Amino acid sequence: MEFTKEQHEAVSAAIRAAEQNTSGQIVCVLARSSSAYAHIPILWASALALIVPWPLIDFTPWSVQRIFLVQLVVFLVAALVFSWMPLRLLLVPRAAQRARAHRAALEQFVVRRVAHTKNRTGILIFVSLAEHYARIVADEGIAQKVPNSEWQAAIDAMVSHMRSGDIAAGFIAAIERCGTVLAAHAPPDGSVNELPDRLYVM
């Protein structure tokens, strides 16, 4: 997944256009994955390696040394196989994926300084591709004014484009909807643009 310069510019232009009608700030983050899930290959390989010796002890005359060697080989091969990212993700429970993506969204909300705007009316549009996760995190100055259904409508608009493979168009659709929401609840007040108008790709 690579974003072209033109796609980056299109998303930036959409953010600038949306922010012309509001004192709110919009930040967009696209993550390939919310976590490397580095522990998953080791966890599953260890479990498999612990199971392997038992049938060998019961049904073969092999020595302890040979069984230990087989166990070691199984662990190494399984760890290598489970390191393949698509398979690694299949081994992570869906609830755990969503929890990790949610945590990553909140981390980005802090890292990108969305919570440091003057009027506390910034929002983060966050997407994690590996987990198929999208979320809009709003700062307290705007969150208390806008029902979740408004943000969900923006996410739905974004996802409809992303399902067809057009990620940039998905972000632009969400930005436009969020811009309309922000304009209604946080009109312009002469404040300066406090955050970069860009898409961060992780």
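Described below are features of the structure shown in this document. A quick note: this is a predicted structure, and the numbers were derived from the prediction, not measured. (Residues numbered from 1 in each chain as written. Predicted model: local features only at pLDDT ≥ 70, side-chain atom pairs only at ≥ 80, totals over all residues. Heavy atoms only, no water.)

1. Structural notes on the sheet that holds strand E2 (residues 122–128)
Line of reasoning, step 1. The strand order E3-E2-E1-E4 describes an open sheet built from 4 strands, whose pairing is mixed. The strands lining the two open edges of the sheet, one partner per strand, are strand E3 (133–138) and strand E4 (199–201). In this sheet, adjacent strand axes meet at a mean angle of 15° when their direction is disregarded.
Line of reasoning, step 2. One ladder, built from 6 bridges, connects E2 with E3; its direction is antiparallel. By the bridge assignment, Ile-123 is partnered in E3 with Ala-138.
Line of reasoning, step 3. Of the strands in this sheet, E2 and E3 touch helix H8 (residues 148–162), which is tilted by about 150° from E3. (Pairing = 2+ DSSP bridges. Helix = DSSP H or I, 4+ residues; strand = E, 2+ residues; numbered from the N terminus. Axes fitted to C-alpha atoms, helices over the stretch in contact; angles between N-to-C directions. Contact = heavy atoms within 4.5 Å.)

2. What to know about the packing of helix H1 (residues 5–19) against helix H9 (residues 167–185)
Line of reasoning, step 1. Taken N-terminus to C-terminus, the directions of H1 and H9 make an angle of 5°; their axes are 9 Å apart at the nearest point. As far as their axial angle goes, H9 and H1 are roughly parallel. For the pair H1 and H9, contact is made by Gln-7, Ala-10, Val-11, Ala-14, Ile-15 and Ala-18 and by Ala-168, Phe-171, Ile-172, Ile-175 and Gly-179, respectively.
Line of reasoning, step 2. Across the contact of H1 with H9, the residue classes break down as 9 nonpolar, 2 polar and no charged. (Parallel < 35°, antiparallel > 145°, perpendicular 65-115°, else oblique. Nonpolar A, V, L, I, M, F, W, Y, C, P; charged D, E, K, R; others polar.)

3. Observations regarding the pattern of salt bridges
Line of reasoning, step 1. Per the counting criterion, the structure on display carries 4 salt bridges.
Line of reasoning, step 2. A salt bridge links Glu-140 to Arg-120, with the nearest nitrogen and oxygen atoms 3.3 Å apart. On the criterion of sequence distance, the pair formed by Glu-140 in helix H7 (residues 140–143) and Arg-120 in the loop between helix H6 (94–111) and E2 is long-range, its members being 20 residues apart.
Line of reasoning, step 3. Glu-140 gets classed as partly exposed once you look at its relative accessible area, which sits at 48%.
Line of reasoning, step 4. One network of salt bridges, with partners in common, ties together Arg-100, Arg-103 and Glu-107. (Salt bridge = Lys/Arg side-chain N within 4 Å of Asp/Glu carboxyl O. Buried < 20%, exposed > 50% of the residue type's maximum accessible area, 1.4 Å probe, protein only.)

4. Concerning the pairing of E2
Line of reasoning, step 1. Judged by how many residues are buried, E2 sits mostly within the fold: 7 of 7 residues are covered.
Line of reasoning, step 2. Where burial is concerned, the two faces of E2 agree: the one with Gly-122, Leu-124, Phe-126 and Ser-128 and the one with Ile-123, Ile-125 and Val-127 are both buried.
Line of reasoning, step 3. When strand E1 (residues 25–31) meets E2, the two strands line up parallel, connected through 7 bridges. Directly across from Val-27, in E2, lies its bridge partner Leu-124.
Line of reasoning, step 4. Hairpin connection, E2 to E3: the antiparallel pair is bridged by 4 residues, and His-132 has positive phi, about 50°.

5. Some words on the side chain of Gln-108
Line of reasoning, step 1. Its place among the elements puts Gln-108 in helix H6.
Line of reasoning, step 2. Apart from the residues within four sequence positions on either side, Gln-108 is in contact with Val-29, Leu-124, Phe-126 and Met-202.

6. As for the side chain of Glu-131
Line of reasoning, step 1. One can find Glu-131 in the loop between E2 and E3.
Line of reasoning, step 2. Salt bridges are absent for the buried Glu-131, whose nearest opposite-charge side chain, Arg-94, sits at 6.9 Å.
Line of reasoning, step 3. There is a polar contact of 3.5 Å between the side chain of Glu-131 and the side chain of Ser-33.
Line of reasoning, step 4. Reaching out from Glu-131, the side chain makes a polar contact with the backbone nitrogen of Ser-34 at a distance of 3.2 Å.
Line of reasoning, step 5. Not counting residues up to four positions away in its chain, the partners in contact with Glu-131 are Ser-33, Ser-34, Ser-35, Tyr-37, Arg-94, Gln-97 and Ala-101. (Lys, Arg positive; Asp, Glu negative; His and termini not counted. Polar contact = N/O pair within 3.5 Å; in protein donor to acceptor, adjacent residues only side chain to side chain.)

Such coordinate-based values are descriptive only and should not be taken to indicate function.
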